[in-house]
Amino acid sequence: MVESMVHFFGFQREYWRNREQTGSVKASSAGLARAMVAPHWDGLLRQDILEVGSGTGAISEQIFRQMAPIDKLTIIEINPNFLAMTRRKMLQSFGDGAIAGQVSFINADFLHNGMPAESFARICCSLPFNNFTPQMTAELFDEMLRICQPGGIIVFYEYILLRRIRYWLSLGLRKDL
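Predicted model, so just to flag it, every value in this text is computed and none were measured. (Residues numbered from 1 in each chain as written. Predicted model: local features only at pLDDT ≥ 70, side-chain atom pairs only at ≥ 80, totals over all residues. Heavy atoms only, no water.)

## Quick word on the packing of aromatic side chains
And step 1. Enumeration over the complete set of coordinates arrives at two aromatic pairs.
And step 2. Residues Phe64 and Phe94 carry aromatic rings whose centres are separated by 4.6 Å and whose planes lie at 55° to one another, so their mutual orientation is tilted. Highlighted residues: Phe64 in helix H3 (residues 58-66) and Phe94 in helix H4 (residues 80-94), separated in sequence by 30 residues.
And step 3. Under the relative-accessibility criterion, Phe64 is labelled buried at 10%.
And step 4. Look at Phe141 and Phe156: their rings are 4.9 Å apart centre to centre, the planes differ by 75°, and that puts the pair in the edge-to-face class. Of this pair, Phe141 sits in helix H6 (residues 134-147) while Phe156 sits in strand E5 (residues 148-156), placing them 15 residues apart in sequence.
And step 5. Residue classification places Phe156 among the partly exposed residues on the basis of a relative accessible area of 42%. (Phe/Tyr/Trp six-rings, centres within 6.5 Å; stacked < 30°, edge-to-face > 60°. Helix = DSSP H or I, 4+ residues; strand = E, 2+ residues; numbered from the N terminus. Buried < 20%, exposed > 50% of the residue type's maximum accessible area, 1.4 Å probe, protein only.)

Structural data, given as structure tokens:
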């Protein structure tokens, strides 16, 4: 219970500090994590997995539950505090012995990390696309397509309600000429 409160308040602190990098006022749920991961683990070769934008680690945890011992998970997160929360969550859920050698944590900007082409069989992305310009969104997808192996899978989600809210708010901001 105490850890879940620390997790909740830690997410809230990061949201209010940097809303451009945070897609929602609430961290991703276990239900969303299962929906993002479970349908895409079909027994195919999937040795190298990338999570882009781990946030507080809900999806990281679900990915690790589905991994085989030969799989490797790379987690990249631009926010060092979110990455620390993800690492802490993984250690508490699985222990250092379980994730050592299978999970690597990278605190960096995904677009400027220089990952090798076609290096991941599965990419799971939780970036807040609604917060980005269309150009940046295109660059992010171009990079994911570049590093995804042929036949690989890229999974992502979007906050659809936020798009509607922003549309309605923008109507009130229009200047009548």
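And the narrative resumes.
## A word on the side chain of Ser54
And step 1. One can find Ser54 in the loop between strand E1 (48-52) and H3.
And step 2. Apart from the residues lying within four places of it in its own chain, the contact partners of Ser54 are Ser60, Ile75, Ile76, Glu77, Leu83 and Thr86. (Contact = heavy atoms within 4.5 Å.)

## What to know about the packing of H3 against H4
And step 1. At their nearest, the axes of H3 and H4 sit 9 Å apart, and the two run at 40° to each other. Relative to H4, H3 is oriented oblique. Seen from above, H3 lies across H4 with right-handed handedness. Residues Ala58, Ser60, Glu61, Phe64 and Arg65 of H3 form the contact with H4, whose own contacting residues are Thr86, Lys89, Met90, Ser93 and Phe94.
And step 2. Each residue belonging to the contact of H3 with H4 can be placed in one class, and the counts come to four nonpolar, three polar and three charged. (Axes fitted to C-alpha atoms, helices over the stretch in contact; angles between N-to-C directions. Parallel < 35°, antiparallel > 145°, perpendicular 65-115°, else oblique. Left-handed = near helix turned anticlockwise from the far one by under 90°. Nonpolar A, V, L, I, M, F, W, Y, C, P; charged D, E, K, R; others polar.)

## Points about the pattern of salt bridges
A side chain with one charge may pair with a side chain of the opposite charge, provided their charged atoms come close.
And step 1. Following the criterion strictly, the structure yields two salt bridges and no others.
And step 2. Two residues, Arg65 and Glu61, come together in a salt bridge whose shortest N-O distance is 3.4 Å. Linking Arg65 with Glu61, this pair stays in helix H3, spanning four residues, or about one helical turn.
And step 3. In this structure, Glu143 engages Arg146 in a salt bridge whose closest nitrogen and oxygen atoms are separated by 2.8 Å. Of the two residues, Glu143 and Arg146 are both situated in helix H6; the distance of three residues between them amounts to about one turn of the helix. (Salt bridge = Lys/Arg side-chain N within 4 Å of Asp/Glu carboxyl O.)

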